[in-house]
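Chain by chain, the residues run as shown.
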Amino acid sequence: MLTAAIILDAPGHVYTEREYPTASGGTPGQACVITDWRGRQVGQPVAWSDMGTASLPCLGLGYYRVKSGEAETTFAVVPVPECRMFDKDSFYGIDTAQSWLAQKGAFRCPWNGSDTYRTISDLIWRVGLPHVRDRLRWSEVNPKPGVLDFRHYMYNADLLCARGILVSGMFHDSPQWAGRLEKLPSDLAAIHAFCARVAATFGNRMGNWEFWNEQDIGFAPEPAWDYAAALKAAYLGFKAGRPGIAVLPGALCRMPVTSYMHAMYENDAAKYGDVFNYHIYSPVVNYPAIFAKLREFMALYGIADRAIWITECGTDLEGHSSSEGASKGNMAHSQDQEMVVAEFYPKSQIALQMEGVARNYFFVFCAYNERNGEKDWGVMRRDGTVKPVYAAISAMTCELVSARLVGEMQVGKGLRAYLFTQPDGTQTVAFWSVSPLDTSKGGQVSAKDTCARLFAIPAANGNYRLTDMCGSRSQVTVTNGALELESTRFPAYVSGLRCLSASRLALPRGKVRPYVLAADEDLAVILRIELNTNDFKVASEKTKAILCAQTGRMNVQVWNLGDSVKTGCVEVAGGRLRGLPEDSIKLGPFGTPPATFHCNVVVPDDPGVFTLDLVLSGTFNGKRISRLSVPIWLEDKVISTCKRIPLAWNNLESWTRNTSAQSYKVSWDEAEQAIRFDLEWESGVDRWFYPTYKLSLPQESLSGAQMVAFEVKSAQDKVENDFKGSYLMPISGKKGKMLPYLSYPPPLGSWEMRHVELPGDGSMDEVKAIRLGANPNGMKCSFWVRNISILRKNRSARAERAPAPPGGRAVP
């Protein structure tokens, strides 16, 4: 955290190399000392005038710190933006979220007449980024039918466009009039109309549009098939409003490949998107494994050659902030934490390009805190100044904005070097020493050890430009055919090279590629369902409908978003539906209400069938339409026909500690007849608890089991009993290998039964233990569980209830 008082005259304290900084807020008679980002003094101390001002020298590119007494601040010097290239095909972008995060009061802004939006736009222009991601809220700009006002959203788009910066536009939160469910809309015509209007109105200010954000988590509580139907309408609307614009599905963020992703693409999402959109906050060392899984997934759905865009990328490796920030309740990074983020930026950008990523938007430019104010995200501080990562971005865009990564070079142990080709045919090498940031899989790292090393690469005799992580430049001379360099953990760049080669090539980038429509396909007819909430509930991962009654009522809607009348039929596979017409269905053109049919799922008589892979499709005007896929788990049938095998859950000795909590206690609660876990966390800790229950084999084996059932409740020190996630985790084999997490609805304040479906792929055969718990938002949490049992197929047996457990004793 900076001790403020010194204020510089440039917005964000960012100057070009042609400008002279003027400082104010000093004490007459004292002097201010300038140091570079490495802590080395620059020039002589500058005295404050009688008016408390000081004229600082015009410095070269880089990042600097000004200190006078106890007061200090920072500033950056960057290239003149008019001399930069703003390459529209460049990899480099940033998520500013400025229409939300730069509203008045979000950060101190004594510049540009306190115009926070203009200040952010100027800072993006000066840092040399050609792409920005911004957001709008549909319910805010279009609160009533026919009422549309883009207000500051359009103002921000105009500011960025005037500076040659393209925007990736994204929106979510539908208005009530559009048939809002929880957050998604149900009126597909309303989605289409809004997207067409928004695309046409914003026009060439936008480089592309995204429909929704992180729909696989809380931004869309609705099931995957609801999102897919809305995506289809949005895609067609965007294309109608501005043909040729790139349209992205909402970014997926749970890693690496989840059941939600499969459910979304089983609903033909690949046909309604031009780019694969993803968010990543994992340590860099995990990138190769994550992207290998993503490429397998993309190949499975026929989009292996489609571009991958990362529309949010960030890190937690600097840890939660512990310094008091300029805004009450929002903590700030320490100087060391700021350097970790600065180090992360260029390393992560190159690692993503090695994996074939075509575009990245770093998260986030504006000052922004999460996790009760403890997580400091912004490139900007709350006092309006920029952190060292700003200078790192400027240096990287200056050196590489139009360069293409060739691959990795081998230059020695503990070193990394990456070869880039410039448009003029010369080469640039980015290099650094391996540090804990390169190898850590989690936790917190420090940037205090510079990890300095020496190495050399072949180069023709002559002069070359050396640029450090924050943009400072120097000249290096080669006289013996070897370019000798000093490497630290902080990436640097050497330019003007030729004839170098890479030993490991970067993976090729995919293309921004719309789906190629076959002659017998029609994307404008869209199927949508509405489940009867008395008969169905949706699995917590939002990928499966759970039939919890003997009937399975649903409404099937057939929408026509085309401009002509269409006639055809709906087909069903993977199950049977009563209520669909046997004759052909006539659909009016766009604007006509959907054809709606009241249907009922037919539960199969076969006692061994517990899942229906229901797929609806159809043919209209002789053309095939996209699929609607809804897997159905026949829970009521499972419970009524499976044998219930109780576990010895009430034995405290069978439970072992597995939590990040500093305080942990497990005990027997006599009043509740349950096992009770009491947990408490300190500030700045990722909060989770998943105590391990060791299965008593073979009688408690999960092999062949259909589900695990248990009763659960909880309490925590939050107004709402809120959790970030709740899972049952099977652990397989002697080495404690964890299988994919199985989510369940979070525990509430009163007892409720939970049924967790087990995969039937044989992965449960070697399970030795299970972990059961959650990720609370509170700092204190109590968690009760009882009556844990396994349900296994038994066609003749009636369901059994687990016997009441005896008492137990506390285990610390």
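A brief look at the structure comes next. Remember, it's a predicted structure, so these values are computed and weren't measured experimentally. (Residues numbered from 1 in each chain as written. Predicted model: local features only at pLDDT ≥ 70, side-chain atom pairs only at ≥ 80, totals over all residues. Heavy atoms only, no water.)

## A look at the overall build of the protein chain
Part 1 of the reasoning: When helices and strands are counted, the protein chain shows 12 helices and 52 strands.
Part 2 of the reasoning: Over its C-alpha trace the protein chain gives a radius of gyration of 29 Å, about what one expects of a compact globule, namely 28 Å for 812 residues.
Part 3 of the reasoning: If you line up the protein chain on its principal axes, its C-alpha atoms span 90 × 70 × 55 Å.
Part 4 of the reasoning: Counting the 812 residues in the protein chain, one finds 59% classified as buried.
Part 5 of the reasoning: Contacts spanning at least 24 positions in sequence make up 74% of the contacts within the protein chain whose residues lie at least 6 apart.
Part 6 of the reasoning: Of the roughly 31,800 Å² that the protein chain leaves accessible, carbon and sulfur atoms contribute 51%.
Part 7 of the reasoning: Distance between charge centres in the protein chain, computed from 88 positive and 84 negative side chains, equals 2 Å. (Helix = DSSP H or I, 4+ residues; strand = E, 2+ residues; numbered from the N terminus. Rg over C-alpha atoms; globule rule 2.2 N^0.38 Å. Buried < 20%, exposed > 50% of the residue type's maximum accessible area, 1.4 Å probe, protein only. Contact = heavy atoms within 4.5 Å. Areas by Shrake-Rupley, 256 points an atom, 1.4 Å probe, with all protein chains shown as cover. Lys, Arg positive; Asp, Glu negative; His and termini not counted. Charge placed at Lys NZ, Arg CZ, Asp CG, Glu CD.)

## Digging into the sheet that holds strand β3 (residues 22–24)
Part 1 of the reasoning: Read from one edge to the other, the open sheet built from 3 strands follows the order β1-β3-β6, with strand pairing classed as antiparallel. The sheet is open, and its two edges are formed by β1 (7–8) and β6 (53–55), each paired on a single side. (Pairing = 2+ DSSP bridges.)

## Some details on the pairing of strand β21 (residues 404–409)
Part 1 of the reasoning: Relative to strand β22 (residues 415–421), β21 runs antiparallel, the two sharing 5 bridges. Counted as the bridge partner of M409 is A417 from β22.
Part 2 of the reasoning: Once β21 ends, the chain turns through 5 residues before running back antiparallel as β22, passing G412 with a positive phi of about 140 degrees.
Part 3 of the reasoning: The sheet contact formed by β21 and strand β29 (residues 504–505) spans 2 bridges and is antiparallel. The partner of E408 across the bridge, within β29, is R504.

## Details of unusual backbone geometry
Part 1 of the reasoning: Note that the residue after F363, namely V364, is joined by a cis bond; omega there is 0 degrees.
Part 2 of the reasoning: The residue after L697, namely P698, is reached through a cis peptide bond having omega 10 degrees.
Part 3 of the reasoning: Its place among the elements puts P698 in the loop between β45 (692–694) and β46 (705–716).
Part 4 of the reasoning: A positive phi angle, near 60 degrees, is found at H13, a position not held by glycine.
Part 5 of the reasoning: Summarising the element assignment, H13 is placed in the loop between β1 and β2 (14–16).

## Some remarks on empty space enclosed by the protein
Part 1 of the reasoning: The tally for this structure, following the rule as stated, stands at 5 cavities of 30 Å³ or more.
Part 2 of the reasoning: Empty space within the largest cavity amounts to approximately 90 Å³.
Part 3 of the reasoning: Looking at the lining of the largest cavity, the elements that each hand over two or more residues are β10 (131–137), α4 (151–162), β11 (166–172) and β12 (206–213).
Part 4 of the reasoning: For the lining of the largest cavity, a count of residues per class yields 9 nonpolar, 4 polar and 2 charged.
Part 5 of the reasoning: Space inside the second largest cavity adds up to approximately 70 Å³.
Part 6 of the reasoning: As for the second largest cavity, its lining consists of 14 residues, and the residues nearest its centre are L61, P79, S394, A395 and G471.
Part 7 of the reasoning: The residue makeup of the lining of the second largest cavity, split by class, is 8 nonpolar, 4 polar and 2 charged. (1 Å grid on protein atoms, 1.4 Å probe; cavity = no way out; pocket = protein on both sides within 12 Å on 5 of 7 lines; lining within 4 Å. Points joined across faces, edges and corners; volume = space filled by probe spheres on them. Nonpolar A, V, L, I, M, F, W, Y, C, P; charged D, E, K, R; others polar.)

## Side note on the sheet that holds β29
Part 1 of the reasoning: Pairing is antiparallel in the open sheet, where 7 strands are placed in the order β26-β25-β28-β23-β22-β21-β29. The sheet is open, and its two borders are formed by β26 (473–478) and β29, each paired with just one other strand.
Part 2 of the reasoning: As defined by bridge partners, β22 adjoins strand β23 (residues 427–433) across 7 bridges and the pair is classed as antiparallel. When the bridges of β23 are listed, L419 appears paired with V429.

## Some remarks on helix α5 (residues 188–202)
Part 1 of the reasoning: Taking 1.5 Å as the rise per residue, α5 with 15 residues should run 21 Å; its terminal C-alpha atoms sit 21 Å apart, in good agreement.
Part 2 of the reasoning: Taken as a whole, α5 has its buried residues at L188, A189, A190, I191, H192, F194, C195, A196, V198, A199 and F202.
Part 3 of the reasoning: For α5, the N-terminal cap is D187; the gap from its side-chain oxygen to the backbone nitrogen of A189 is 3.1 Å.
Part 4 of the reasoning: Looking at the residues trailing α5, positive phi occurs at G203, about 50 degrees. (Expected span 1.5 Å × (residues − 1). Polar contact = N/O pair within 3.5 Å; in protein donor to acceptor, adjacent residues only side chain to side chain.)

## Remarks on the pairing of strand β25 (residues 462–467)
Part 1 of the reasoning: Bridge analysis of β25 against β26 gives 6 bridges, and the strand direction is antiparallel. Following the sheet pairing, T467 is matched in β26 by R473.
Part 2 of the reasoning: Summarising the sheet, β25 and strand β28 (residues 492–497) pair through 3 bridges and their orientation is antiparallel. Bridged to R465 within β28 is S495.

## Quick notes on the packing of helix α2 (residues 116–127) against helix α10 (residues 388–400)
Part 1 of the reasoning: It is at 8 Å that the axes of α2 and α10 come closest, and there the two elements cross at 45 degrees. With respect to α10, the element α2 is oriented oblique. Contacts between α2 and α10 involve L123, R126 and V127 on the former and, on the latter, Y390, I393, S394 and T397.
Part 2 of the reasoning: Tallied by class, the residues present in the contact of α2 with α10 amount to 4 nonpolar, 2 polar and 1 charged. (Axes fitted to C-alpha atoms, helices over the stretch in contact; angles between N-to-C directions. Parallel < 35°, antiparallel > 145°, perpendicular 65-115°, else oblique.)

## Focus: the nonpolar core
Part 1 of the reasoning: In this structure, F202, F211, F238, Y265, F276 and Y390 are the most contacted members of the largest nonpolar core, which totals 137 residues.
Part 2 of the reasoning: Counting 38 residues, the second largest nonpolar core, distinct from the first, contains L647, W655, F677 and A705. (Core = buried A, V, L, I, M, F, W, Y, C linked by side-chain atoms within 4.5 Å.)

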